[in-house]
Amino acid sequence: MPALAAAQSDSACRPDTVELRGDWGQARFTVELADTSETRARGLMHRESLPRGAGMLFLYESPQPANFWMRNTLIPLDMIFTDDTGTVTHVHHEAVPHDETLIHGGSAVLSVLEINGGLARAMGIDAGTELRHPRLPQDIAAWPCVE
């Protein structure tokens, strides 16, 4: 049985997947990574749709201020900001397509998960939710890949 548990844990921590958990339950999203300045700048611009179980995970080298906007973004998005432990510190609900108003996510952001607008509220994802991904620092992760 321990081998099965390890296999399940490993499958949950793949570069193309994030998991979230909180009092509301758990969710899993298949993600594209935005981990270079070029991919972070492009984000989900010019996309006409995003599958319900998909998103984009923005990863930074170290915690830093994070500001987003919706220039050239065609679909409403929820932006889920996390600290270096993977704990959600802020959720910006339903960012408006094409809006160039800056969305401030915080001053010590390590990752941002973008999903379809309205999903975070519908699922109950909010500050305090834990996000798990192998690229987060596992030694301080609130929900490490291997428990």
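Residues numbered from 1 in each chain as written. Predicted model: local features only at pLDDT ≥ 70, side-chain atom pairs only at ≥ 80, totals over all residues. Heavy atoms only, no water.

Draft legend 1. Examining the pattern of salt bridges more closely. Taken as a whole, this structure holds 9 salt bridges when the rule is applied. For D16, the salt bridge is made with R14, and the minimal N-O distance between the two is 2.8 Å. When its relative accessible area of 29% is taken as the criterion, D16 is described as partly exposed. Overall, R14 belongs to the partly exposed group, its relative accessible area being 39%. When the shortest N-O distance is used, the salt bridge between E32 and R47 registers 2.8 Å. (Salt bridge = Lys/Arg side-chain N within 4 Å of Asp/Glu carboxyl O. Buried < 20%, exposed > 50% of the residue type's maximum accessible area, 1.4 Å probe, protein only.)

Draft legend 2. View of the layout of surface pockets. Considered as a void within the structure, the largest pocket measures approximately 190 Å³ in volume. R40, A41, M45, F68 and W69 are the residues nearest the centre of the largest pocket, which is lined by 17 residues in total. Looking at the lining of the largest pocket, the elements that each hand over two or more residues are α2 (37-42), β3 (54-68) and β4 (77-82). Looking at the lining of the largest pocket element by element, the count peaks at 4 residues for β3. When grouped by side-chain class, the residues that make up the lining of the largest pocket number 10 nonpolar, 3 polar and 4 charged. (1 Å grid on protein atoms, 1.4 Å probe; cavity = no way out; pocket = protein on both sides within 12 Å on 5 of 7 lines; lining within 4 Å. Points joined across faces, edges and corners; volume = space filled by probe spheres on them. Helix = DSSP H or I, 4+ residues; strand = E, 2+ residues; numbered from the N terminus. Nonpolar A, V, L, I, M, F, W, Y, C, P; charged D, E, K, R; others polar.)

Draft legend 3. A look at the sheet that holds strand β1 (residues 17-22). The strand order β5-β4-β6-β3-β2-β1-β7 describes an open sheet built from 7 strands, whose pairing is mixed. A strand with exactly one partner marks an edge of an open sheet, and here the two such strands are β5 (88-95) and β7 (130-132). Each strand of the sheet is rotated relative to its neighbour by a mean of 30 degrees, with strand direction disregarded. Here β1 pairs with strand β2 (residues 25-34) via 6 bridges, running antiparallel. Across the sheet, V18 pairs through a bridge with F29, a residue of β2. (Pairing = 2+ DSSP bridges. Axes fitted to C-alpha atoms, helices over the stretch in contact; angles between N-to-C directions.)

Draft legend 4. Structural detail: the environment of D23. Position of D23 among the secondary structure elements: in the loop between β1 and β2. A relative accessible area of 89% places D23 in the exposed class. Sequence-wise, D23 and V96 are 73 residues apart; in three dimensions their C-alpha atoms are separated by 28 Å.

Draft legend 5. Focus on the pairing of strand β6 (residues 103-116). For β6, the tally of buried residues reaches 11 of 14 residues, placing the bulk of the element in the interior. As paired strands, β3 and β6 are joined by 8 bridges and run antiparallel to one another. Counted as the bridge partner of A66 is G106 from β6. Here β4 runs beside β6; their pairing, made up of 6 bridges, is antiparallel.

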